Structure formats: structure tokens, C-alpha cells
Amino acid sequence: GQAQAARIRSDLTNYSFGAFLSSDLRRAIDTVRTIAGANANILLDSRLRERSFGRLEGQPYKSLVILREECEKLAPEKLWHYKLAADVESDAEVHDRAYECLSQKAIEYEGQNVLVVTHSGPIRVLLMGIGISLPPGSFQHGQYAKLQFEDDSVIFQGIFPAIEESSEQTTE
């Protein structure tokens, strides 16, 4: 994680940022501190958290397999609002809260770059919301997406390093 964050910091040295925004969960905070520097003013926002799994939170991944298999049987148009359980967030709910956060910051920091550190789930559904299809698990640690907010639209500029490049990287 920290080596990947240091690489991203190096990739972004030619950018200046008006703000640093992060999920309020520890691993995201550690990542943004590595990228932004220890003395940077970092804004924390719970709307950038990973999906809430409700009563399933903290359960072994194996316990979700049966529920995920049911999910895979659904038509794509139903997946967006599908909930693994009543108290588990759907893709649409994760998207809406993360998008609300980013939209507010885009207005607040208009014309400035804002570095946002969050988790792969919110990134994936934000991209899905603008028509970029990524299956679960396809956005890897150490990757970042460049988005531009313009008027009422979001312009996707790419994922870096490219998905093919990052799949060859080793994990810590």
C-alpha cells in the first residue's frame, strides 16, 4: 500500500492541488497522507467509505459467495439497485453518496485539482455511473482514475497505470 502511494505521489508531482479529500477510514487516510505529505490539509468525508455491508460487515468473504451467485443471475439493469441483504448498500446507493460528495467539492474547488482517496468499490460505481463498465475487483490498489467535472457532467480521462500494466505488479 505505502509503496503504491509513494509511486502515485511521484506520478502526480507536476500537479498542484487545491484540496486533498479522503474517506475517513484509516487505510485511505494513511494513503492520502503519503501522497499529499504529512502537513497537508486533508478533508475527511464518510461518504467516500467502502460499501456498507450492514449485518454482513466483517463476515468472511465465503459467507457472501451464495449471495453473490444470486446477484450474478440478475439482468444488468437490476444489478444497480440490487442489495445482497436489506441493510447492505446497493451500487446505486454507494454511487449517490460518493457522487454527492465529489459534486460538492467540484463546486467548492472549481478550477482546481482535488486529489480524492477512496476505496475501489466507490471508484468502480462512480465510473459505472458515467458509463465506464468495470467488473468488481478490476480496479486495483495503486491505480487512480482521472475525472473532470464540467458543468453538470463528469468526463473520464483514464485509469493510471493502465489496467493491463497494473495487473503485472506484485503485491506486498
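The following paragraphs examine the structure supplied in this document. Each chain carries its own residue numbering, running from 1 in the direction its sequence is written. Per-residue local features are limited, in this predicted model, to residues with pLDDT of at least 70; the limit for side-chain atom pairs, both in listing and counting, is 80 or more; totals at the level of whole chains, interfaces and linings are taken over all residues. The side-chain figures draw on all heavy atoms in the structure; neither hydrogens nor water molecules are used.

### Let's talk about the overall build of the chain
Along the backbone of the chain there are seven helices and five strands. Our radius of gyration looks at C-alpha atoms and nothing else; its globule reference is 2.2 Å times the residue count to the power 0.38. In summary, the chain has a C-alpha radius of gyration of 16 Å against a globular reference of 16 Å for 172 residues, a match within 12%. For the C-alpha atoms alone, the extent of the chain along its principal axes is close to 45 × 40 × 30 Å. Residues classed as buried in the chain amount to 35% of the 172 residues present. Contacts are assigned to residue pairs with any non-hydrogen atoms lying within 4.5 Å of each other. Residue pairs in contact within the chain that sit at least 24 positions apart in sequence constitute 63% of those at least 6 positions apart. Each accessible area value is a Shrake-Rupley result obtained with a 1.4 Å probe; residue values ignore everything except the protein chains displayed when judging cover. For the chain, the exposed area adds up to about 10400 Å²; of that, 50% sits on carbon and sulfur atoms. One way to put it: in the chain the 18 positive side-chain charges average out to a point 6 Å from where the 25 negative ones average out. Only DSSP runs of H or I covering at least 4 residues are called helices, and only runs of E covering at least 2 are called strands; the numbering of each starts at the N terminus. We call a residue buried when its accessible area falls under 20% of the maximum for its residue type, exposed when it is over 50%, and partly exposed in between, using a 1.4 Å probe and counting protein chains only. In this count, Lys and Arg are taken as positive residues and Asp and Glu as negative ones, while His and the chain termini are left out. Charged groups are reduced to one reference atom each: NZ for lysine, CZ for arginine, CG for aspartic acid, CD for glutamic acid.

### Brief notes about the side chain of Arg47
Within the secondary structure layout, Arg47 lies in the loop between β2 (42-44) and α3 (65-72). Owing to a relative accessible area of 17%, Arg47 belongs among the buried residues under this scheme. Polar contacts involving the side chain of Arg47 include one to the side chain of Gln104, which spans 2.9 Å. Non-local contacts of Arg47, meaning those with residues more than four positions away in its chain, are made with Arg97, Ala98, Glu100, Cys101 and Gln104. Throughout this description, a polar contact denotes any pair of N or O atoms lying within 3.5 Å of each other; where both atoms belong to protein, one of them has to be capable of donating a hydrogen while the other can accept it, and for residues adjacent in sequence the pair is counted only when both atoms sit in side chains.

### A closer look at the pattern of salt bridges
Between Lys or Arg on one side and Asp or Glu on the other, a salt bridge is scored when a side-chain nitrogen of the former is within 4 Å of a carboxyl oxygen of the latter. Across all of its chains, the model carries 11 salt bridges by this definition. Where Asp87 meets Arg55, a salt bridge forms, and the shortest distance between an N and an O atom there is 4.0 Å. Taken as a pair, Asp87 in the loop between α4 (76-79) and α5 (91-108) and Arg55 in the loop between β2 and α3 lie far apart in primary sequence, 32 residues in all. The partner of Lys83 in a salt bridge is Glu93, with the nearest N and O atoms 3.0 Å apart. Pair noted here: Lys83 is in the loop between α4 and α5 and Glu93 is in helix α5, with a separation of 10 residues, a long-range link.

### Observations concerning the sheet that holds β2
Two strands form a pair only when DSSP identifies at least two bridges running between them. Spatial ordering of the open sheet is given by β2-β1-β3, a layout of three strands whose pairing is parallel. What marks the edges here is a single partner per strand, and that holds for β2 and β3 (114-117). Each strand axis lies, on average, 25° off the axis of its neighbour in the sheet, ignoring direction. Relative to β3, strand β1 (residues 19-22) runs parallel, the two being bridged by four bridges. Axis lines are fitted to C-alpha atoms, over the contacting stretch for helices. Their N-to-C directions set the angle, which ranges from 0 to 180 degrees.

### As for the packing of α5 against helix α6 (residues 120-129)
For the pair α5 and α6, the least separation of the axes is 9 Å and the interaxial angle reads 85°. Comparing the axis directions of α5 and α6 gives the class roughly perpendicular. The residues of α6 that touch α5, namely those facing Asp91, Val94, His95, Ala98, Tyr99 and Leu102, are Pro122, Arg124, Val125, Leu126, Met128 and Gly129. Any residue outside Ala, Val, Leu, Ile, Met, Phe, Trp, Tyr, Cys, Pro, Asp, Glu, Lys and Arg is labelled polar, Gly included; the first ten of those are nonpolar and the last four are charged. Residue composition of the contact of α5 with α6, grouped by class: eight nonpolar, two polar and two charged. Orientation categories follow fixed angle ranges, with anything under 35 degrees roughly parallel, anything over 145 roughly antiparallel, 65 to 115 roughly perpendicular, and all other angles oblique.

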